[in-house]
Amino acid sequence: MEPLSETAIRKSFINATRSEVAAMNLPIGFENINWEILDQLGWRDHKMPQRAYLVLPLDGKPVGVLLRAPELSAPKNRRVLCALCQDVFSEEEVFLYVARRAGQRGRDGNTVGTLIHADFTCSVNVRADVAPTPIHPDPDAVTAERIQGLRGRTELFVRNILAK
Ligand SMILES: [Zn+2]
């Protein structure tokens, strides 16, 4: 994805209040992010562990969503499939993240939940090495398909949050 400035990220949120955006902390190491290998930028707020953020390009501009993480004491869903990258090899934890819908529906308490890797490793997961098999002789094609899948599913998730 294209590199984003802090200002662009703060302006991108579709389901957060002004004070929530003001309180947001950027990911640690923000200055050193390698944007080229990211389809989306996701992170947990290191000062507010209940909050997480996901920012991605949608229709040519960055769109950010505020997500609520589960209670930290919640049971771990280690063997649950991440709905965005659908990676079956990663050992990373998967959380049920909940997003308030955009606009009035969100203010009325309407939310959308989805299973996502707790630390948003999805862009890395879909770029993991693929061993060629007789069915998929071209690993690069498999990786390209996985990247498209991740982008498509994340877009659908965000459009669902935006839906009126
Ligand atoms: Zn994932």
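A. Expanded view of the overall build of the protein chain. Per the secondary structure count, the protein chain includes five helices and five strands. Secondary structure of the protein chain in N-to-C order comes out as α-α-β-β-β-β-α-β-α-α. Here the protein chain has a C-alpha radius of gyration of 16 Å; the compact-globule value for 164 residues is 15 Å, and the two agree. Of all 164 residues assigned to the protein chain, the portion counted as buried reaches 41%. At a minimum sequence separation of 6, the contacts of the protein chain that also span at least 24 residues come to 58%.

B. Spatial organisation of the environment of Pro57. Relative to the helices and strands, Pro57 resides in strand β2 (residues 51-58). In sequence terms Pro57 and Gly113 are 56 residues apart; their C-alpha atoms lie 20 Å from each other. Apart from residues lying up to four places away in sequence, Pro57 is in contact with Met1, Asp39 and Pro62.

C. Broad picture of the packing of aromatic side chains. If you walk through the whole model with that rule in mind, you get five aromatic pairs. With a centroid separation of 5.7 Å and an interplanar angle of 75°, the aromatic rings of Phe13 and Tyr53 are classed as edge-to-face. Linking Phe13 in the loop between α1 (6-11) and α2 (18-23) with Tyr53 in strand β2, this pair joins segments that are 40 residues apart in sequence. Judged on exposure class, the residue Phe13 and its partner Tyr53 are both buried.

D. Local environment of the pattern of salt bridges. Applying the stated criterion across every chain yields a total of eight salt bridges. Taking the shortest distance from any N to any O, the salt bridge between Arg100 and Glu20 comes out at 2.8 Å. Of the two residues, Arg100 is situated in strand β4 (residues 94-100) and Glu20 in helix α2; the sequence distance between them amounts to 80 residues. Each of Asp39, Arg127 and Arg151 takes part in a single network of salt bridges with overlapping partners.

E. Spatial organisation of the coordination of the zinc ion. Only Cys82 (SG), Cys85 (SG), His117 (ND1) and Cys122 (SG) from the protein coordinate the zinc ion, and they sit 2.1 to 2.4 Å from it. Coordination geometry of the zinc ion: the four donor atoms subtend angles of 96 to 121° at the metal centre, consistent with an arrangement described as tetrahedral. Of note, the donors binding the zinc ion are all from one chain and are spaced C-x2-C-x31-H-x4-C. One end of the pair, Cys82, is in the loop between β3 (61-68) and β4; the other, Cys122, is in helix α4 (residues 122-125), with 40 residues separating them in the sequence. Judged by relative accessible area, which is 1%, Cys82 ranks as buried. Judged by its relative accessible area of 0%, Cys122 falls in the buried class.

Rules used throughout
- Residues numbered from 1 in each chain as written.
- Predicted model: local features only at pLDDT ≥ 70, side-chain atom pairs only at ≥ 80, totals over all residues.
- Heavy atoms only, no water.
- Helix = DSSP H or I, 4+ residues; strand = E, 2+ residues; numbered from the N terminus.
- Rg over C-alpha atoms; globule rule 2.2 N^0.38 Å.
- Buried < 20%, exposed > 50% of the residue type's maximum accessible area, 1.4 Å probe, protein only.
- Contact = heavy atoms within 4.5 Å.
- Phe/Tyr/Trp six-rings, centres within 6.5 Å; stacked < 30°, edge-to-face > 60°.
- Salt bridge = Lys/Arg side-chain N within 4 Å of Asp/Glu carboxyl O.
- Donors = N, O, S within 2.8 Å, 3.2 Å for Na, K, Ca; no water.
- Tetrahedral: all angles 85-135°; square planar, octahedral: opposite > 155°, others 65-115°.

Purely spatial values, then, with no claim about function.
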